[in-house]
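# Survey of secondary and tertiary structure
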Amino acid sequence: MFSIVLATKPGSPDLNSRRTGVDDDDDAGADAAPYFRVFNPILQGEKFDPDGAYVGRWVPELADLPPRLIHQPWTATPLELAGANVTLGKTYPPPIIDHKVGRERALAAYAKVRNA
């Protein structure tokens, strides 16, 4: 309903481009990429929040880390962590899972379901 309302307003994109209520360029529409995509939260953070401003605002525990470490504080040296008042496991949790391992598991599970 929402996409139909938007498409009928003057100056709105045509109904075809609004069929799912979202723009196609974000890969959320009906014609999203034909493969399973697993985004890397570290790389996404580094790409879209290179100076760490967003993370620093919403995760104040990491605000004093330098931008090169704010998206992956577990890679910081003990001295860098101490300088930012971060103690992994106390003031900020360690990673729950290694992203590479999690990605491989997700892709394997997807392949298993797809081939079933």
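A brief report on the enclosed structure follows. (Residues numbered from 1 in each chain as written. Predicted model: local features only at pLDDT ≥ 70, side-chain atom pairs only at ≥ 80, totals over all residues. Heavy atoms only, no water.)

Put simply, the largest pocket is a space of about 330 Å³. Lining the largest pocket are 16 residues; nearest its centre among them are Pro41, Ile42, His71, Trp74 and Pro95. If you list the elements that add at least two residues to the lining of the largest pocket, you get helix H2 (41-48) and helix H6 (99-114). Among the residues making up the lining of the largest pocket, the classes are represented as 12 nonpolar, 3 polar and 1 charged. (1 Å grid on protein atoms, 1.4 Å probe; cavity = no way out; pocket = protein on both sides within 12 Å on 5 of 7 lines; lining within 4 Å. Points joined across faces, edges and corners; volume = space filled by probe spheres on them. Helix = DSSP H or I, 4+ residues; strand = E, 2+ residues; numbered from the N terminus. Nonpolar A, V, L, I, M, F, W, Y, C, P; charged D, E, K, R; others polar.)

Attention now goes to the nonpolar core. Counting residues in each nonpolar core, the largest one holds 9 residues, listed as Val55, Leu62, Leu65, Leu69, Ile70, Ala76, Leu81, Ala84 and Val86. With sequence-adjacent residues up to four places away left out, Leu65 is seen in contact with Ile70, Pro73, Glu80, Leu81, Ala84 and Val86. (Core = buried A, V, L, I, M, F, W, Y, C linked by side-chain atoms within 4.5 Å. Buried < 20%, exposed > 50% of the residue type's maximum accessible area, 1.4 Å probe, protein only. Contact = heavy atoms within 4.5 Å.)

Here the focus is the packing of aromatic side chains. Tallied over the entire structure, the rule returns 1 aromatic pair. On the numbers, 6.5 Å between centres and 50 degrees between planes, the contact of Tyr54 with Trp58 is tilted. Taken together, the residues Tyr54 and Trp58, both in helix H3 (residues 53-58) and 4 residues apart, mark about one turn of the helix. Residue classification places Tyr54 among the exposed positions, given a relative accessible area of 57%. (Phe/Tyr/Trp six-rings, centres within 6.5 Å; stacked < 30°, edge-to-face > 60°.)

Turning our eyes to something else, we now look at the pattern of salt bridges. Inspection of every chain in the model, using the stated rule, returns 1 salt bridge. With a closest N to O distance of 2.3 Å, Glu80 and Arg68 form a salt bridge. Here the residue Glu80 occupies a position in helix H5 (residues 78-83), and Arg68 occupies one in helix H4 (residues 67-70), the gap between them amounting to 12 residues. (Salt bridge = Lys/Arg side-chain N within 4 Å of Asp/Glu carboxyl O.)

Note on placement: His71 falls in the loop between H4 and H5. The buried category is assigned to His71, whose relative accessible area is 11%. Side-chain polar atoms of His71 contact the backbone oxygen of Asp49, separated by 2.8 Å. In this view, His71 contacts Ile42, Gly45, Glu46, Asp49, Gly52 and Val55; residues no more than four positions away in its chain are not counted. (Polar contact = N/O pair within 3.5 Å; in protein donor to acceptor, adjacent residues only side chain to side chain.)

The grouping of Ile96, Ile97 and Val101 at the surface amounts to a nonpolar patch, some 330 Å² of accessible area in total. With respect to the element layout, Ile96 can be found in the loop between H5 and H6. Overall, the relative accessible area of 87% leaves Ile96 in the exposed class. (Patch = residues over 30% accessible without salt bridge, like charges linked within 9 Å, V, L, I, M, F, W, Y side chains within 5 Å. Areas by Shrake-Rupley, 256 points an atom, 1.4 Å probe, with all protein chains shown as cover.)

Turning to H6, a few remarks are in order. Three- or four-residue spacings in an α-helix give side chains the same orientation, since the helix completes a turn every 3.6 residues. Here H6 contains 16 residues, and its C-alpha end-to-end distance of 22 Å stays within 8% of the 22 Å for a straight helix at 1.5 Å per residue. Sitting at the head of H6, Asp98 places a side-chain oxygen 3.0 Å from the backbone nitrogen of Lys100. (Expected span 1.5 Å × (residues − 1).)

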